[in-house]
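One-letter residues, chain by chain:
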Amino acid sequence: QVQLVESGGGLVQAGGSLGLSCAASGRTFGSYVVGWFRQAPGKEREFVAGIRWSASITSYRDTVKGRFTISRDNAKNTVYLQMNSLKPEDTAVYYCAARARYIISHDSHEYDYWGQGTQVTVSS
């Protein structure tokens, strides 16, 4: 079992930055893919970014490329999402998720473990 805990959400003005963290316990991420998803009110959960832990391969949705960066810290068993140039449309609850596969899936149904989510609100 893997337990995931997100932190770092909050309120920021458009154009600002926020950093999210996803700390894992229970086992290491070593053979996992970790993804960040988000869900805005009335919308489906969508993929934001993902990283293959063992090779540090990353993937992003098009609308966040160049603004968001996913990274990991082996020693802390933690994945980060640095979000820059935030826009009001980035407002959502952000979740981290993990799957014991090597492919970075954009489908939330293919992830086995989920954190509780953290709210990100971007004001205009």
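Bear in mind that the values here come from a model prediction, so they are computed numbers and not experimental data. (Residues numbered from 1 in each chain as written. Predicted model: local features only at pLDDT ≥ 70, side-chain atom pairs only at ≥ 80, totals over all residues. Heavy atoms only, no water.)

**Student:** Before we go on, may I ask you to explain the overall build of the protein in this structure?
**Tutor:** The helix and strand inventory of the protein stands at zero helices and 11 strands. Put simply, the protein runs from its N terminus to its C terminus through helices and strands in the order β-β-β-β-β-β-β-β-β-β-β. The C-alpha atoms of the protein give 13 Å as radius of gyration, which agrees with the globular expectation for 124 residues (14 Å, within 12%). With respect to the three principal axes, the spread of C-alpha positions in the protein is 40 × 30 × 25 Å. Across the 124 residues of the protein, 44% fall into the buried class. Taken as a whole, the protein presents about 6200 Å² of accessible surface, with 47% of it coming from carbon and sulfur. Charge-centre separation for the protein: the mean point of 13 positive side chains lies 5 Å from the mean point of 10 negative side chains. (Helix = DSSP H or I, 4+ residues; strand = E, 2+ residues; numbered from the N terminus. Rg over C-alpha atoms; globule rule 2.2 N^0.38 Å. Buried < 20%, exposed > 50% of the residue type's maximum accessible area, 1.4 Å probe, protein only. Areas by Shrake-Rupley, 256 points an atom, 1.4 Å probe, with all protein chains shown as cover. Lys, Arg positive; Asp, Glu negative; His and termini not counted. Charge placed at Lys NZ, Arg CZ, Asp CG, Glu CD.)

**Student:** What's the story with the environment of cysteine 96 in this structure? I'm lost.
**Tutor:** For cysteine 96, the position within the fold is in strand β9 (residues 92-99). Classification of cysteine 96 by relative accessible area gives buried; the value is 0%. Separated by 18 residues in the primary sequence, cysteine 96 and tryptophan 114 have C-alpha atoms spaced 6.0 Å apart. For cysteine 96, the contacting residues outside a window of four places in its chain are Leu4, Glu6, Cys22, Gly35, Trp36, Tyr113, Trp114 and Gly115. (Contact = heavy atoms within 4.5 Å.)

Purely geometric stuff here, so don't read any function into it on its own.
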